[in-house]
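Given next are the chains, with one letter for each unit.
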Amino acid sequence: GALVYQYPRRTICKSGTSMRMECQAVGFQATSVAWYRQSPQKTFELIALSTVNSAIKYEQNFTQEKFPISHPNLSFSSMTVLNAYLEDRGLYLCGARGGTGGYEQYFGPGTRLTVL
Amino acid sequence: QQKVQQSPESLIVPEGAMTSLNCTFSDSASQYFAWYRQHSGKAPKALMSIFSNGEKEEGRFTIHLNKASLHFSLHIRDSQPSDSALYLCAEDTNAYKVIFGKGTHLHVLP
């Protein structure tokens, strides 16, 4: 079946530092990968969408300069949170679509970021 | 900007009750509508989806879509404690971009 793995599951970083998180699709070829942030205050925010053969599109309030994303192949994506601050805390979820799944988005368990 | 609004934010129901969750979306051109469920500490997972106006039933779960009124709902018959979770309404206006609502926290009391 379709599975999405994320690494690390939890991470703590000091304010002003950066951290990288990874997303791996297993069992299907992800034609699109979306990164979301889930937080108590702002719930479920779409950060950016990466589609095969298309430029990565960032949502309002999110930029490539702050959240650079790499999607080198159909099964792997990574995102970095640069210069993290308290407002960047939350659960970062990767959602992948593709293969026979059609419209359904398969989520990984998320990377929980704590900023000290 | 596309928006998905969900109500209520939180809901507590007794076991066996009928639960209704509501969602309004902003674009009638959206092609795909879905409810996702996220149990505590777990990844969100698609529960049910629909592409056109109407109703769809799967076991105790029924979804209604009305594009004219921009309304999408989920109904759970005979609610069980295991149904307790965060329910997220999702809208997709094209093939790849999925927007979620804030979610409704459902608590089913045994």
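Below you will find a few notes about this structure. Note that the structure is predicted; figures quoted are calculated from it, not measured.

Calculation rules
- Residues numbered from 1 in each chain as written.
- Chains lettered and ligands numbered in written order.
- Predicted model: local features only at pLDDT ≥ 70, side-chain atom pairs only at ≥ 80, totals over all residues.
- Heavy atoms only, no water.
- Pairing = 2+ DSSP bridges.
- Helix = DSSP H or I, 4+ residues; strand = E, 2+ residues; numbered from the N terminus.
- Axes fitted to C-alpha atoms, helices over the stretch in contact; angles between N-to-C directions.
- Contact = heavy atoms within 4.5 Å.
- Buried area = accessible area lost by both parts, 1.4 Å probe.
- Polar contact = N/O pair within 3.5 Å; in protein donor to acceptor, adjacent residues only side chain to side chain.
- Nonpolar A, V, L, I, M, F, W, Y, C, P; charged D, E, K, R; others polar.
- Phe/Tyr/Trp six-rings, centres within 6.5 Å; stacked < 30°, edge-to-face > 60°.
- Buried < 20%, exposed > 50% of the residue type's maximum accessible area, 1.4 Å probe, protein only.
- Lys NZ or Arg CZ within 6 Å of the ring centre and 35° of its normal.

The subject of this paragraph is the sheet that holds strand S6 (residues 54–58) of chain B. All names here are of chain B. Reading across the sheet, the 5 strands line up as S1-S3-S8-S7-S6 and stay open at both edges, with antiparallel pairing between neighbours. In this open sheet, the two edge strands, each paired with only one partner strand, are strand S1 (4–7) and S6. In this sheet, adjacent strand axes meet at a mean angle of 15 degrees when their direction is disregarded. Here 5 bridges tie S6 to strand S7 (residues 61–66), and the two strands are oriented antiparallel to one another. Paired with Glu58 across the bridge in S7 is Phe61.

With that settled, the discussion passes to the interface of chain A and chain B. A common way to report how large an interface is uses the accessible area buried once the components associate. The interface of chain A with chain B comprises 21 residues on the first partner and 22 residues on the second. Together chain A and chain B conceal approximately 1700 Å² of surface at their shared face, both sides included; 57% is due to carbon and sulfur atoms. Summed over the three residues of chain A that lose the most area to chain B, namely Phe44(A), Arg97(A) and Tyr103(A), the buried surface amounts to 32% of that side. At the boundary of chain A with chain B, the tally comes to 5 residue pairs in polar contact (both at pLDDT 80 or more). Those elements that place two or more of their residues in the side of chain A that touches chain B are strand S4 (32–39), strand S5 (43–51) and strand S9 (90–97) of chain A. Among the elements that take part in the side of chain A that touches chain B, S5(A) stands out by supplying 5 residues, more than any other. Of the residues that constitute the side of chain A that touches chain B, the class distribution is 9 nonpolar, 8 polar and 4 charged.

As a further point, take the packing of aromatic side chains. The geometry of an aromatic ring pair is captured by two quantities: the separation of the ring centres and the angle between the planes. Here the structure, examined in full by the defined rule, presents 14 aromatic pairs over all chains. A ring pair is formed by Phe28(A) and Tyr106(A), whose centres lie 5.5 Å apart and whose planes are at 50 degrees; its orientation type is tilted. Taken as a pair, Phe28(A) in the loop between strand S3 (19–26) and S4 and Tyr106(A) in strand S10 (residues 106–107) lie far apart in primary sequence, 78 residues in all. For Phe28(A), a relative accessible area of 12% translates into the label buried. Given the relative accessible area of 21%, Tyr106(A) is considered partly exposed. Above the face of the Tyr32(B) ring, Arg97(A) is positioned so that its terminal group lies 5.6 Å from the ring centre.

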